[in-house]
Each structure stands twice: as structure tokens, then as C-alpha cells.
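Descriptive analysis of the structure
If you want the building blocks of each chain, they are given just below.
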Amino acid sequence: MSALPGEVRQCRRPLDAAALLDVMRSPDSGVTHSPLGSKPWLYLELDSFGALPAQYRKRLPQWVQSRACPVIGAGDGAGNPLGAACDLVVADDAEAQLLIDNIERTPLAAMTLVHVLRATELLPITQGLLVESMGFATLQAGPEFHRWLAARERVRSVGSAGPPLRIERVGPALTITLARPQRRNALSIEMRDALVEALELVASDPAIETAVIEADGPDFCAGGDLAEFGTASDPASAHAVRSTRLPAAALVACRHRVDFRLHGACIGAGAELAAFGRRVTAAADTWFRLPELGFGLIPGAGGCVSLVRRIGRQRTAWLAISGERIDAATALAWGLVDSVT
């Protein structure tokens, strides 16, 4: 929990080699460091890895990857097998504390996130999208998402004044424009279905050499339409819909011909879909954020697959667990975008 006003918060300290050995040997560690225990996270000191006995150093990375919680490493993870196995690597205790606070608010979502990312890093894209969808569906039935639904400020659904997309073709070039600026181009069911149809057109017509996805208004896309969150009849049916009507899946079929031009807010789906693009250009005012963990969910528009392939598993986990926004310059340095104009 966050510190009270005026209260000095003592940051958590990472486990050194001796303390980590105690955890590994404890028969209760699997429960303690899980959403079912008192510490739904594990925080390790990477620099002490070399002090462990050889038999533990050899099996520790695999042990870390089997934990039912996010594993955070502190220190320099470069060239360190333990650092590579961690879900996130932080520079200091204050950064770790930010992540731990968020993990403790939604421990089930945090655990599911790192489980999905560990899998999608190794899977082909299509299978990765299915794993992401099943993780998302699981959390839709969970207490953290239901708590968020009960506490959220209701948002009234606003229909489009016209079609949710504008499609223009000039010779071999197609431009797809998100056209719900009054809703910050939030991805509604109507826009989702229209985007799937547009991308299926690109995939089926090899004469379209380049398709560009851009947006009207001050923002590229503010993520999923919050007014429609929680409206699915049940999580299993929602997974079935995502398996057949997911824009990310349609995009994957033609992604080597699809470019993105971003500006303003790219939140949730706005960042996740763009990361599949062949080339992503961002205006200088572009910023990115993954807020889903705060809803008791994980990124569900393909980000657990697309972002991992662009910026790696650990930075994807950091974006999702921290909930922090990054600017265009950071996105360029990470490889989330290819150029800033």
C-alpha cells in the first residue's frame, strides 16, 4: 500500500545470495511469493549471483522463471543469467518500490502478466496472441477486474457521427484513418470490426503495397473504449470473439506492408497494435502508456506479443506494471518507434 501523507516509506531491499538460498530451500516459498501469500513478488540482488554455490547458480534462472509472481532484479543484469531470467530489472530500490506497490494492488493480474510474457517471448506470434487472450479472459472473471468495474466512474458510450474509419486508396497505397476524435479514437467494438475488415482487405489484395494507419484529432488512440469494458456475456465467449475478431491477428497477416503514423496519446491498444507495424513514425508529442494492470487485467490487444518483439519482455513488463508513460524520445531509444518527426 502507498505511504500515508507525511509518512516516510522505507523501500524494500533485495534479497542477497544467502537470503535467496533460504527462499529456495523453503517449502513454503512457492506460496509466500505468490498472490496467495504475503509477498506476491520477489526482489533479488543480481550482484550477489556469483556468491551462490555452483549447483544453485546453474538451476536458479529456471527456478526464477517458474515463480508464480513477478521477479524483480536489482543491479546490472547485462550478461548475467539471473538478470536475463528476471521479469524486470531496476536501477534502485525506489524504482522497485513503485513496481511492488502496483503488484500488491493487483497481484493476480501481475502474476498473469509475467506468466503470459514468459510464454509469448518463446511462441510464434499467432500462438502468442491466443495465450494472451486466454490470460485476459481469465482475469475478466477475477476479483480484481470486478473490483475495478464496481469502483470505476461510469463512462457513457458515444456512437460515431459517421463511420469509425476512413479508408482512402491511391494506386498501390491505402490510408486507414481512425475517425472517432470525440472519443480520442478509443477502440470500440464498432471500430474494432471495421479495422479487422480493413486489414483483411490489405491481406487479401497484394496490389496494396503500403497501408498507413493514422488518426484524426489530438490523439492516435486512447486504448479500449472503457464504456464497453465488462459488457461481454462471459469470459469464455469474449475469448472466442477475440480469436476471430482481433485486429492484431488481422494485422499480423499483412504487417510487412502496414506502417503507422502516431501522435498524441497511444494508450493500451494504441501502443499495442502500432508495435506490430513494419515502420512506426511518431510525432514529437507522442506518448505511450499501458494502464491495464490497474484494471485488474493485462494488455489484451496484442501487446504481450508485439511489444515483446519490439522492446523485449522486461521493458514490456515494466510498462505494464509501472503504468508510467514514456515519451517519443524514450520510445525511439527503446525501439518502440522507428523515427520521430
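The present account deals with the structure reproduced in this document. (Residues numbered from 1 in each chain as written. Predicted model: local features only at pLDDT ≥ 70, side-chain atom pairs only at ≥ 80, totals over all residues. Heavy atoms only, no water.)

Further remarks concern the sheet that holds strand E10 (residues 287-289). With mixed pairing, 3 strands are arranged side by side in an open sheet as E8-E10-E11. Looking along the sheet, the strands with just one partner apiece sit at the ends: strand E8 (265-267) and strand E11 (326-327). Sheet analysis places E8 next to E10, joined by 3 bridges and oriented parallel. Bridge pairing in E10 links Ala265 to Trp287. (Pairing = 2+ DSSP bridges. Helix = DSSP H or I, 4+ residues; strand = E, 2+ residues; numbered from the N terminus.)

On any regular strand, side chains alternate: one points to one face of the sheet, the next to the other face. Direction of pairing for strand E5 (residues 173-178) relative to strand E6 (residues 210-215): parallel, over a ladder of 6 bridges. Looking at E6, one finds that Thr177 is bridged to Glu214.

Moving on to the environment of Thr138. Relative to the helices and strands, Thr138 is located in helix H7 (residues 125-140). The exposure class assigned to Thr138 is exposed, which follows from its relative accessible area of 53%. (Buried < 20%, exposed > 50% of the residue type's maximum accessible area, 1.4 Å probe, protein only.)

A word on the pattern of salt bridges. Throughout the structure, instances matching the rule amount to 15 salt bridges. We note a salt bridge from Arg13 to Asp93, for which the minimum N-O separation is 2.2 Å. Taken together, the positions of Arg13 in the segment before helix H1 (17-25) and Asp93 in helix H5 (residues 93-105) put the pair 80 residues apart, joining distant regions of the chain. A relative accessible area of 57% places Arg13 in the exposed class. One network of salt bridges, with partners in common, ties together Asp87, Arg118, Glu121 and Arg313. (Salt bridge = Lys/Arg side-chain N within 4 Å of Asp/Glu carboxyl O.)

This part is about the pairing of strand E2 (residues 71-74). Here E2 shows two buried faces, one formed by Val71 and Gly73 and the other by Ile72 and Ala74. Inspection of the sheet shows strand E1 (residues 42-45) paired to E2 by 4 bridges, in the parallel sense. Bridging from a neighbouring strand, Tyr43 pairs with Ile72 of E2. Read from E1 through helix H3 (residues 54-65) to E2, the crossover connection turns out right-handed. Pairing geometry for E2 and strand E3 (residues 88-90), over 3 bridges, is parallel. The residue bridging Ala74 from the neighbouring strand is Val90, located in E3. (Right-handed = clockwise from strand over helix to strand, strands pointing away.)

On to unusual backbone geometry. Positive phi is not limited to glycine here, since Arg184 has a value of about 55°. Positive phi outside glycine occurs at Asn185, with the angle close to 55°. Considering the arrangement of structural elements, one finds Asn185 in the loop between E5 and helix H9 (189-204).

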